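# Understanding the architecture of this molecule
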Amino acid sequence: MFTSYKKNLMIVEKFIQDEVDRHREKHNNNHEVVDYIDGYLEERKNREKQNIPEDTFTLDTLKRNAGAFFGAGSETVYSTMEWAILYLVKYPEYQDKIRSEIADVIGFENRPDFADRARMPFTMAFIHEVQRIESIIANNLLRRASEDTKIGNHFIPKDTLVMFNFWSVNHDPNLWPNPDKFDPTRYLTEDGSKAVKPPCLIPFSAGKRNCPGEGLAYVELFLYLVCMVQRYRIKVEPGTELSFEAVFGISRRPANLPLFIFEKVVH
Ligand code: HEM
């Protein structure tokens, strides 16, 4: 187990090293900044020109940051999509509703644009509800109280390690009527024209160290979901039992995925 973990870690390390090398080579000839690694290398160059010592923007930090984005950004979006597909299959009527928003706003020949989300409230509500009910990050990373603190009636002494429990917030009946029910309509305004994300829905955490990938994650989730539903009707063989059991890794993922059938949508 440990050997395969180490082996996988080394594959990722090598992938990142190769990417950094490829970007550095390209960066020497051409200054176009296309992605994070380009931007970082550009900043290093600017600092070098101004004789600022290489203390913060080191190549080692670049590799660690790229690794963090890669690690934190892949599995979370992947798991959310796995849950989303399970719910599309469990509730074909919601899948149809998303497809009908696609028909109205994008059509079946055009590619979706992230801006389309403003006119697709049910689709956004569906994403919010998948994030809430499955709490892909169920417990947040640890925090240490920097001073004696009081939260409500709880006294938290300095240096206590605190872990925020998103699952419990996402299933609190004081915040969410019928919290175990998958119900995207809970986010819709009365006339159904807007999806409103309430402040208690914080799948990306909150505060100074909240997820820096939130914006990108929404772009990915919206585009992946819409592209799939636009092209395919997703289902399982009749009689297949869907399991909503989860396993914990970096994120909460479905423990057992059935064989999904992607049937081409024909017009
Ligand atoms: C659905 C997708 C995602 C979810 C649910 C999610 C959730 C979270 C959460 C809860 C944290 C902890 C924040 C805290 O400590 O308060 C976090 C941290 C982080 N996320 Fe995401 N994330 C997602 C996608 C992404 C993407 C796409 C990226 C980057 C490309 C990313 C990069 C990071 C990084 C680098 C951190 C550590 C930040 C730090 O410690 O300062 N995440 N994420």
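Our structure is the block above this text.
Residues numbered from 1 in each chain as written. Predicted model: local features only at pLDDT ≥ 70, side-chain atom pairs only at ≥ 80, totals over all residues. Heavy atoms only, no water.

## Comments concerning the site of the ligand
As a matter of local geometry, the ligand sits amid 22 residues, with Asn140, Arg143, Ser205, Arg209 and Cys211 nearest to it. Here an oxygen atom of the ligand sits 2.5 Å away from a polar atom, N or O, in the side chain of Ser205. Arg209 has a polar side-chain atom sitting 2.5 Å from an oxygen atom of the ligand. A molecule is said to occupy a pocket when more than half its atoms come within 2 Å of that pocket's grid points, and by this definition the ligand occupies the largest pocket. (Near = heavy atom within 4 Å. Polar contact = N/O pair within 3.5 Å; in protein donor to acceptor, adjacent residues only side chain to side chain. 1 Å grid on protein atoms, 1.4 Å probe; cavity = no way out; pocket = protein on both sides within 12 Å on 5 of 7 lines; lining within 4 Å. Sits in = over half its atoms within 2 Å of the grid points.)

## Some remarks on the packing of helix α4 (residues 92-105) against helix α7 (residues 214-231)
One way to put it is that α4 packs onto α7 with a least axis distance of 9 Å and a crossing angle of 95°. Taken as axis vectors, α4 and α7 run roughly perpendicular relative to one another. On α7, the residues that touch Gln95, Ile98, Arg99 and Ile102 of α4 are Leu225, Val226, Val229 and Gln230. Residues belonging to the contact of α4 with α7 are distributed by class as follows: five nonpolar, two polar and one charged. (Axes fitted to C-alpha atoms, helices over the stretch in contact; angles between N-to-C directions. Helix = DSSP H or I, 4+ residues; strand = E, 2+ residues; numbered from the N terminus. Parallel < 35°, antiparallel > 145°, perpendicular 65-115°, else oblique. Contact = heavy atoms within 4.5 Å. Nonpolar A, V, L, I, M, F, W, Y, C, P; charged D, E, K, R; others polar.)

## Brief notes about the packing of aromatic side chains
Counted under the stated rule, the structure contains 17 aromatic pairs. With a centroid separation of 6.0 Å and an interplanar angle of 65°, the aromatic rings of Phe114 and Phe222 are classed as edge-to-face. In this pair, Phe114 is assigned in the loop between α4 and α5 (121-134) and Phe222 in helix α7, connecting sequence segments 108 residues apart. Looking at Lys90, its charged tip hangs above the ring of Phe244, at a distance of 5.2 Å from the centre. Geometry around Tyr232 places Lys264 over its ring, the cationic atom sitting 5.6 Å from the centre. (Phe/Tyr/Trp six-rings, centres within 6.5 Å; stacked < 30°, edge-to-face > 60°. Lys NZ or Arg CZ within 6 Å of the ring centre and 35° of its normal.)

## Concerning a nonpolar patch on the surface
Taken together, the side chains of Val12, Phe15 and Phe70 define a hydrophobic patch exposed on the protein surface, amounting to about 240 Å² of accessible area. Assignment of secondary structure puts Phe70 in helix α3 (residues 59-90). Of the residues examined, Phe70 reaches a relative accessible area of 37% and is grouped as partly exposed. (Patch = residues over 30% accessible without salt bridge, like charges linked within 9 Å, V, L, I, M, F, W, Y side chains within 5 Å. Areas by Shrake-Rupley, 256 points an atom, 1.4 Å probe, with all protein chains shown as cover. Salt bridge = Lys/Arg side-chain N within 4 Å of Asp/Glu carboxyl O. Buried < 20%, exposed > 50% of the residue type's maximum accessible area, 1.4 Å probe, protein only.)

## Here's the deal with the coordination of the iron atom of the ligand
Coordination of the iron atom of the ligand by the protein comes from a single atom, Cys211 (SG), at 2.3 Å. Among the structural elements, Cys211 can be located in the loop between α6 (166-170) and α7. (Donors = N, O, S within 2.8 Å, 3.2 Å for Na, K, Ca; no water.)

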